[in-house]
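Fold and geometry: a report
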Amino acid sequence: MLNLTGKNALVTGIANNRSIAWGIAQQLHKAGANLGITYLPDERGKMEKKVAELVEPLNPSLFLPCNVQDEDQIKSTFETIREQWGKLDILIHCLAFASKDDLSGDFSQTSRSGFNTALEISTYSLVQLSGVAKPLMTEGGSIVTLTYLGGVRAIPNYNVMGIAKAGLEMSVRYLAAELGPQNIRVNAISAGPIRTLASSAVGGILDMIHHVEEVAPLRRTVTQLEVGNAAAFLCSDLSSGITGQILYVDAGYEIMGM
Ligand code: NAD
């Protein structure tokens, strides 16, 4: 049975009730995990308030600001986990960013700064968070990140984010190879397109969703909760033999040739 009782899980990437991370947090909570939630702080504290209200029913025992571009916030997040939890079992990396300008038009026109920012936030952050999580995963653990088919195939407008996801998927393999001897498993879920804050920045996202609804074997796209279920599985002992994998939760779209 899927049971995460006694597991401490840090969930990053909740911005609102459409976030994939919100779907994941709900399913981890349902399976009995003790949750820590991080949010991206803004100057006026609006995000903190919004996310705090949303996650309240899940009763998180930690609620912390963590901008992955800020070394001090990362350090302090994991220091708090060490002090208050003693150990970490689950890390959900569910965040990405690229400038809207770089998510439409010609890929060859991607700016240097846009390229660097997208890869720093969307790819390097997994490496960095895994590195600080590693010493806290003293009883083994599970790290799950979110990717998209645009990291293995050229999808119109996905552009620089496709490069970030390709790097992310390869990071999953290198991290899995390094952390496996400590019984820390690292996997990615490649989700089908879902309407969220981040995906609305990708040019033509609604067309992408409609195309999937027409072509995918299940004739629909997926929900945040379906991704959450797959994440809960990857975090549980039911998946104890699985690491370094990219699991497609996309209504089967990835297998289609036309
Ligand atoms: P979302 O906008 O709800 O989540 C993105 C999150 O990234 C937000 O919570 C945002 O605050 C966070 N973030 C951005 N910059 C950050 C920073 N510097 N530090 C910390 N957090 C930061 O959108 P989502 O679609 O739920 O995205 C979650 C993940 O799922 C992303 O990796 C995305 O690429 C991936 N994904 C999304 C889809 C989709 O169609 N929505 C499909 C496949 C994969």
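In this report, the structure presented in the accompanying data block is examined. Throughout this description, residue numbers start from 1 for each chain and increase along the sequence as written. The predicted origin of the model limits local features to residues at a pLDDT of at least 70 and limits the giving and counting of side-chain atom pairs to 80 or more, whereas totals for whole chains, interfaces and linings rest on all residues. Excluded from the side-chain calculations are hydrogens and water; all other atoms, namely the structure's heavy atoms, are used.

Put simply, buried Ala, Val, Leu, Ile, Met, Phe, Trp, Tyr and Cys residues joined by side-chain atoms within 4.5 Å make one nonpolar core. Summary of the burial criterion: residues with accessible area below 20% of their type's maximum are buried, those above 50% are exposed, and those between are partly exposed, where the area comes from a 1.4 Å probe applied to protein chains only. Counting 57 residues, the largest nonpolar core has I14, L28 and V227 as the members making the most contacts within it. Residue contacts are counted whenever heavy atoms from the two residues lie within 4.5 Å of one another. Excluding residues within four positions of it along the chain, V227 makes contact with I20, I24, L146, I189, A191, I194, V222 and V249. In terms of nonpolar packing, the next biggest core, distinct from the first, is built from 28 residues, I81, I121, A133 and V172 among them.

Note that S142 resides in strand β5 (residues 141–147). With relative accessibility at 1%, the residue S142 sits in the buried group. S142 has contacts with D89, I90, L91, M137, R185, L234 and C235, leaving out every residue within four places of it along the chain. Numbering of helices and strands runs from the N terminus, with a helix taken as a DSSP run of H or I at least four residues long and a strand as a DSSP run of E at least two residues long.

Another aspect to go through is the sheet that holds strand β6 (residues 184–191). Any two strands with at least two DSSP-identified bridges between them are counted as paired. With parallel pairing, the seven strands of this open sheet are ordered in space as β3-β2-β1-β4-β5-β6-β7. A strand with exactly one partner marks an edge of an open sheet, and here the two such strands are β3 (62–65) and β7 (246–249). Averaged over all neighbouring strand pairs, the angle between strand axes comes to 20°, with direction disregarded. Pairing of strand β1 (residues 8–11) with strand β2 (residues 34–39), which is carried by four bridges, proceeds in the parallel orientation. Only the contacting stretch of a helix is used when fitting its axis, a line to C-alpha atoms as for every element, and angles between N-to-C directions run 0 to 180 degrees.

Attention now moves to helix α4 (residues 112–133). Because an α-helix packs 3.6 residues into every turn, residues spaced three or four apart end up facing the same way. With 22 residues, α4 should reach 32 Å at 1.5 Å per residue; the first-to-last C-alpha distance of 30 Å fits that figure. Y124 marks where α4 bends most, by close to 45°. Taken as a whole, α4 has its buried residues at G114, A118, I121, S122, T123, S125, L126, Q128, L129, S130 and A133. Structurally, α4 contributes buried residues whose contacts are with α3 (71–84), β4 (90–93), β5 and α5 (159–179). Each helix should span, by expectation, one fewer than its residue count multiplied by 1.5 Å. The bend at a residue is defined as the angle formed between two axes, one fitted to the seven residues ending at that residue and one fitted to the seven starting there.

One can describe the packing of α4 onto α5 by two numbers: an axis separation of 9 Å at closest approach and a directional angle of 15°. Here α5 runs roughly parallel to α4, going by the angle between their axes. For the element pair α4 and α5, the recorded crossing hand is right-handed. Where α4 approaches α5, its residues F115, A118, L119, S122, T123, L126, V127 and S130 are matched on the opposing element by V160, M161, I163, A164, G167, L168, S171, V172 and L175. All amino acids are sorted into three groups, where Ala, Val, Leu, Ile, Met, Phe, Trp, Tyr, Cys and Pro are nonpolar, Asp, Glu, Lys and Arg are charged, and the leftover types, Gly among them, are polar. Among the residues forming the contact of α4 with α5, the class breakdown is 12 nonpolar, five polar and no charged. Between 65 and 115 degrees an angle is taken as roughly perpendicular, under 35 as roughly parallel, over 145 as roughly antiparallel, and anywhere else as oblique. The hand of a helix crossing depends on one turn: near helix anticlockwise from the far one by less than a right angle means left-handed, and clockwise means right-handed.

Look at R219: it is not a glycine, yet its phi comes out positive at around 55°. Looking at the element boundaries, R219 is found in the loop between α6 (205–215) and α7 (224–235).

All right, on to the pattern of salt bridges then. We count a salt bridge whenever a side-chain nitrogen from Lys or Arg sits within 4 Å of a carboxyl oxygen from Asp or Glu. For the coordinates displayed, the defined rule picks out seven salt bridges. The partner of R220 in a salt bridge is E226, with the nearest N and O atoms 2.8 Å apart. By relative accessible area, which is 33% here, R220 ends up partly exposed. Since its relative accessible area comes to 26%, E226 is described here as partly exposed. Here the residues in one salt-bridge network are K87, D89 and E139, joined through shared partners.

Here a residue is near a molecule or strand as soon as one of its heavy atoms is found within 4 Å of it. Residues in close proximity to the ligand total 26 residues, the closest being G13, S19, I20, I194 and T196. The term polar contact refers here to a pair of N or O atoms within 3.5 Å; inside protein, the definition further demands a hydrogen-donor-capable atom paired with an acceptor-capable atom, and it admits residues adjacent in sequence only when both atoms are side-chain atoms. Here an oxygen atom of the ligand and a side-chain polar atom of S19 are 2.6 Å apart. In isolation the ligand has 820 Å² of accessible area, and contact with the protein removes 93% of it. Of the residues in the shell around the ligand, the class split is 18 nonpolar, seven polar and one charged. Per-residue and other accessible areas were derived by the Shrake-Rupley procedure at a 1.4 Å probe size, with only the shown protein chains allowed to occlude residues.

This next bit is on the environment of A33. Here A33 is to be found in the loop between α1 (20–30) and β2. Taking the C-alpha atoms as reference, A33 lies 10.0 Å from C235; in sequence the two are 202 residues apart. Residues contacting A33, with those up to four places away along its chain left out, are L4, K7, A9 and L28.

That's the geometry; what it means functionally is another story.
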